[in-house]
Amino acid sequence: MSTGHDVLDVVGIGIGPANLSLAALLAAESSELNVAFLDRKPHFGWHSGLMLPDAQMQVHYLKDLVTPVDPTNPFSFTAFLVATKRFYRLLVTGRSKVPRREFEQYCRWAAERIPNLRFGVEVREVTWNGELFVVHTDQGVLHARNVVSGTGLVPRLPSFATGHDPQEVFHASTLLDVPRTFAGRRVAVVGGGQSGAEVVHHLLTSPDRPASIVWGTSRSNLLPLDDSPFVDELFVPNYSRYFHGLPAKRRMELVDEQKMASDGVSVSLLEAIYHRLYDLEMLEGEERPCRMLLGHSLTTVDKTPTGLLTRWMPGAGAEVGHEVDVVICATGYRHGLPRPLHGLPRHLREAMCGDDGEITVRPDFSLDWEGPQDRRMYVQNAARHSFGVADPNLSLLAWRSATIANSVLGYERYDVGEVGAVLDWTSSADSDVALTF
Ligand SMILES: Cc1cc2nc3c(=O)[nH]c(=O)nc-3n(C[C@H](O)[C@H](O)[C@H](O)COP(=O)(O)OP(=O)(O)OC[C@H]3O[C@@H](n4cnc5c(N)ncnc54)[C@H](O)[C@@H]3O)c2cc1C
C-alpha cells in the first residue's frame, strides 16, 4: 500500500455487493478515474456466518450488480451464467430467485475480475486535511478527492447479550463462523425476521438438532415479507427519489410503516418451517420441538448452575422464563454513520446528522457537509431514513451505484431517471392528489 502522495479520485471502503457494483460500473470508465476499493477480508465473502445451505435470495437475479442500469456490462449475472456454463440449466430450474450461495459465487467471480480491488486492507479511519480525505489503513495512508463508504451494517446485540460466553450467547451473523454443536442442547432464538426464521429452519432440519428450541419475537406473529406487486414498487428508483423529498418526520413514519416490505419473512420459508414442525410432531411423534413466544421480548439472560435462564416479557401479562444452553440473537443490524467516518472532526460529523442522529444524505448519496463541493463522502446502505426501505436491499443497488458514479464522473454516464411504473409518486406541490402510503 502506497504511503506516497498520489491522489486518488475515489477510495471505496468495503467491498460488499454495494461497492462491488460501483467498482463494476466505474471499471467501464477506468481510463478517466484513478480508483481503489479496499476490504479487510482476504477475499470476497458475503455474510459467511449466515450462509446456510438452504438460504434463498429475496430478490430476482436480474437485480444484480449492474443489469438494471447497464445490461451490457461484463459483470452481469447473465455474463456469470454464460461464463460458468449454467445459463440453460438455471432457466430449466424456473427459478427467478437463486440460492444465496449462488449470488455469492457470482459476486466472487466478479470480484476476481473487476480491476482496482484490494482485499486484506482494513480502513481504520478517514480524516480531512483541509484539501483531501486521508484514508488511514493498516497498511498505510491514501489521499482521495472522494470516499465511498460501503462498510455494510453492524450487527445489533441487545444489552442482555453482553458479558456472556460468546459460544453461548451470540449474534446470528456469526452462527457459522466457528464450529458449534447443538445436538441435545436447549436453544433460544430471539427475533422474528428473516434471519431468525432461517436459523430456526436450520436447527430444525439439521442432523445436529437441538433437544428443544424456544423462538421468541416481539412481533405479534411471524409476519410475511410483503412483496406483492404494488408494494414492490417501493423498490423502484421513482419511489426512492420521491421518498427523499418528503419531510423528515414523514420519512421516519414510512420506514416504520413499510417494515414488512423489507423485514418480513419469505412466505416459502414460513411454509417450510410449518411443514417441518408438522412432520416432526405428527409423523415422528415429537412433543413441541419448537415453542413459539409471540409478542414477547427477551429482557435478561442469567447464568445458572444448569444453563442460562432467559426471561421474556409479553406485551401484557406475566413474565415467562425458560432455561436454555444457547441464545442466538437474530436481532438485526444498526444503521447510521459508518465507523471509519467517525474519525472526522466532531463539527463535521454533527453537520452530517439531523436532530434525530440520522445522517443527512443528498440525492447523489453524498453526505451533507460543509467542505468543498468537489470533495464528497458518499454512503452506500447507510441512509434508510433518507431513501426508504429499499436502501439496505439489493433491488436498487445498481441504481444507487450509478447515481454515485454519475456524481463522481460529473456527467450522466448512466440513466438514473424515472422508470416505467404503475404508481405515480409525486409531492403534493406537483399534484392535486398526493399518494400517501
Ligand atoms: C444474511 C443476509 C442476507 C441478505 N439477503 C438479502 C437478499 O436476499 N436480498 C436483498 O435484497 N438483501 C439481502 N440482504 C441485505 C443486503 O443486501 C446485504 O446486507 C448486502 O450485503 C449489503 O451490502 P453492502 O455492500 O452494503 O454490505 P456488506 O455486504 O456487509 O459488505 C461490507 C463490506 O465492508 C467490509 N468492511 C467493513 N468495514 C471495513 C473497514 N473498516 N475496512 C475495510 N473493509 C471493511 C466488510 O468486510 C464487508 O466485506 C441480506 C442481508 C443479510 C445480513
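Residues numbered from 1 in each chain as written. Predicted model: local features only at pLDDT ≥ 70, side-chain atom pairs only at ≥ 80, totals over all residues. Heavy atoms only, no water.

1. What about the overall build of the protein chain?
Alright, step 1. A tally of regular secondary structure across the protein chain gives 13 helices and 17 strands.
Alright, step 2. Taken over the C-alpha trace, the protein chain has a radius of gyration of 23 Å; the compact-globule value for 437 residues is 22 Å, and the two agree within 12%.
Alright, step 3. Expressed as lengths along the three principal axes of its C-alpha atoms, the size of the protein chain is roughly 65 × 50 × 45 Å.
Alright, step 4. For the protein chain, the residues scored as buried account for 50% of the 437 residues in total.
Alright, step 5. Long-range contacts, defined here as pairs at least 24 residues apart, represent 70% of the contacts in the protein chain between residues at least 6 apart.
Alright, step 6. In the structure as shown, the protein chain presents an accessible area of about 20,200 Å², 51% of it carried by carbon and sulfur atoms.
Alright, step 7. For the protein chain, the distance from the average position of its 41 positive side-chain charges to the average position of its 53 negative side-chain charges is 5 Å. (Helix = DSSP H or I, 4+ residues; strand = E, 2+ residues; numbered from the N terminus. Rg over C-alpha atoms; globule rule 2.2 N^0.38 Å. Buried < 20%, exposed > 50% of the residue type's maximum accessible area, 1.4 Å probe, protein only. Contact = heavy atoms within 4.5 Å. Areas by Shrake-Rupley, 256 points an atom, 1.4 Å probe, with all protein chains shown as cover. Lys, Arg positive; Asp, Glu negative; His and termini not counted. Charge placed at Lys NZ, Arg CZ, Asp CG, Glu CD.)

2. Focus on the sheet that holds strand β14 (residues 320-324)
Alright, step 1. Strands sit in the order β12-β13-β14 across an open sheet of three strands; the sheet is antiparallel. Each having just a single partner strand, β12 (296-304) and β14 make up the two edges of the open sheet. The mean angle between the axes of side-by-side strands here comes to 25°, regardless of whether they run parallel or antiparallel.
Alright, step 2. Summarising the sheet, strand β13 (residues 307-314) and β14 pair through five bridges and their orientation is antiparallel. Of the residues in β14, the one forming a bridge with L309 is E323. (Pairing = 2+ DSSP bridges. Axes fitted to C-alpha atoms, helices over the stretch in contact; angles between N-to-C directions.)

3. Some points on the site of the ligand
Alright, step 1. With respect to spatial proximity, 27 residues lie near the ligand, and among them D39, W46, H47, V123 and L394 are the closest.
Alright, step 2. A distance of 3.0 Å separates an oxygen atom of the ligand from a polar backbone atom of A18.
Alright, step 3. At a separation of 3.0 Å, an oxygen atom of the ligand approaches a polar side-chain atom of K41.
Alright, step 4. In the complex, the protein chains occlude 89% of the 980 Å² of accessible area that the ligand would expose alone.
Alright, step 5. Across the shell around the ligand, the residue classes break down as 13 nonpolar, nine polar and five charged. (Near = heavy atom within 4 Å. Polar contact = N/O pair within 3.5 Å; in protein donor to acceptor, adjacent residues only side chain to side chain. Nonpolar A, V, L, I, M, F, W, Y, C, P; charged D, E, K, R; others polar.)

4. Re empty space enclosed by the protein
Alright, step 1. By the definition in use, this model includes two cavities of 30 Å³ or more.
Alright, step 2. If you add up the space inside the largest cavity, you get close to 40 Å³.
Alright, step 3. Lining the largest cavity, in full, are S240, F365, F387, A390, D391, L396, L397, W399 and R400.
Alright, step 4. Among the elements that make up the lining of the largest cavity, the one with the highest residue count is helix α13 (residues 397-409) (three residues). (1 Å grid on protein atoms, 1.4 Å probe; cavity = no way out; pocket = protein on both sides within 12 Å on 5 of 7 lines; lining within 4 Å. Points joined across faces, edges and corners; volume = space filled by probe spheres on them.)

5. So, helix α4 (residues 100-111)
Alright, step 1. If you check α4, its first and last C-alpha atoms are 16 Å apart, about what 12 residues at 1.5 Å a residue would give, namely 16 Å.
Alright, step 2. In terms of burial, α4 is largely enclosed, as nine of its 12 residues are buried.
Alright, step 3. Buried residues of α4: R100, E102, F103, E104, Y106, C107, W109, A110 and A111, and no others.
Alright, step 4. Residues of α4 that are buried in the fold lie against α1 (17-27), α2 (77-83), α3 (87-93), β3 (117-119) and α5 (194-205). (Expected span 1.5 Å × (residues − 1).)

6. Some points on the packing of aromatic side chains
Alright, step 1. Throughout the structure, instances matching the rule amount to 18 aromatic pairs.
Alright, step 2. With a centroid separation of 5.8 Å and 45° between ring planes, the pair formed by Y239 and Y242 is classed as tilted. Taken together, the residues span about one helical turn, with Y239 and Y242 both in helix α7 (residues 237-244) at a distance of three residues. Take Y239 and Y242: they sit in the same class, and that class is buried.
Alright, step 3. With a centroid separation of 5.4 Å and an interplanar angle of 35°, the aromatic rings of Y242 and W425 are classed as tilted. A residue pair is termed long-range when its members are at least 10 positions apart, and Y242 in helix α7 and W425 in the segment after α13 qualify at 183 residues. Neither residue differs from the other here; Y242 and W425 are each classed as buried.
Alright, step 4. Aromatic rings pair up to connect W46, Y61, F77, F80, F103, Y106 and W109 into one cluster.
Alright, step 5. Stacked on the ring of F170, the Lys or Arg R180 has its end atom at 3.5 Å from the ring centre. (Phe/Tyr/Trp six-rings, centres within 6.5 Å; stacked < 30°, edge-to-face > 60°. Lys NZ or Arg CZ within 6 Å of the ring centre and 35° of its normal.)

7. Points about the pairing of strand β6 (residues 140-149)
Alright, step 1. Burial analysis of β6 places eight of its 10 residues in the buried class, which makes it a mostly covered element.
Alright, step 2. Direction of pairing for strand β1 (residues 7-13) relative to β6: parallel, over a ladder of six bridges. Paired with V10 across the two strands is N146, which belongs to β6.
Alright, step 3. In this sheet, β6 lies alongside strand β5 (residues 133-137) in antiparallel orientation, the contact comprising five bridges. In the sheet register, V135 faces β6, and the bridge partner there is L142.
Alright, step 4. Between the antiparallel neighbours β5 and β6 lie two residues.

8. What to know about the pairing of β12
Alright, step 1. Of the strand pairs in this sheet, β12 and β13 are connected by eight bridges, and their pairing is antiparallel. Looking across to β13, one finds that H296 is bridged to P314.
Alright, step 2. Counted between consecutive antiparallel strands, the loop separating β12 from β13 contains two residues.

9. Some remarks on unusual backbone geometry
Alright, step 1. Residue H47 is not a glycine yet carries a positive backbone phi of 40°.
Alright, step 2. As for its placement among the helices and strands, H47 is situated in the loop between β2 (35-39) and α2.
Alright, step 3. Residue H47 is classed as partly exposed on the basis of its relative accessible area of 49%.
Alright, step 4. Here R288, not a glycine, exhibits a phi torsion of approximately 40°, which is positive.
Alright, step 5. By the element assignment, R288 lies in the loop between α10 (267-283) and β11 (290-294).
Alright, step 6. On the basis of relative accessible area, R288 is assigned to the partly exposed category, the value being 42%.

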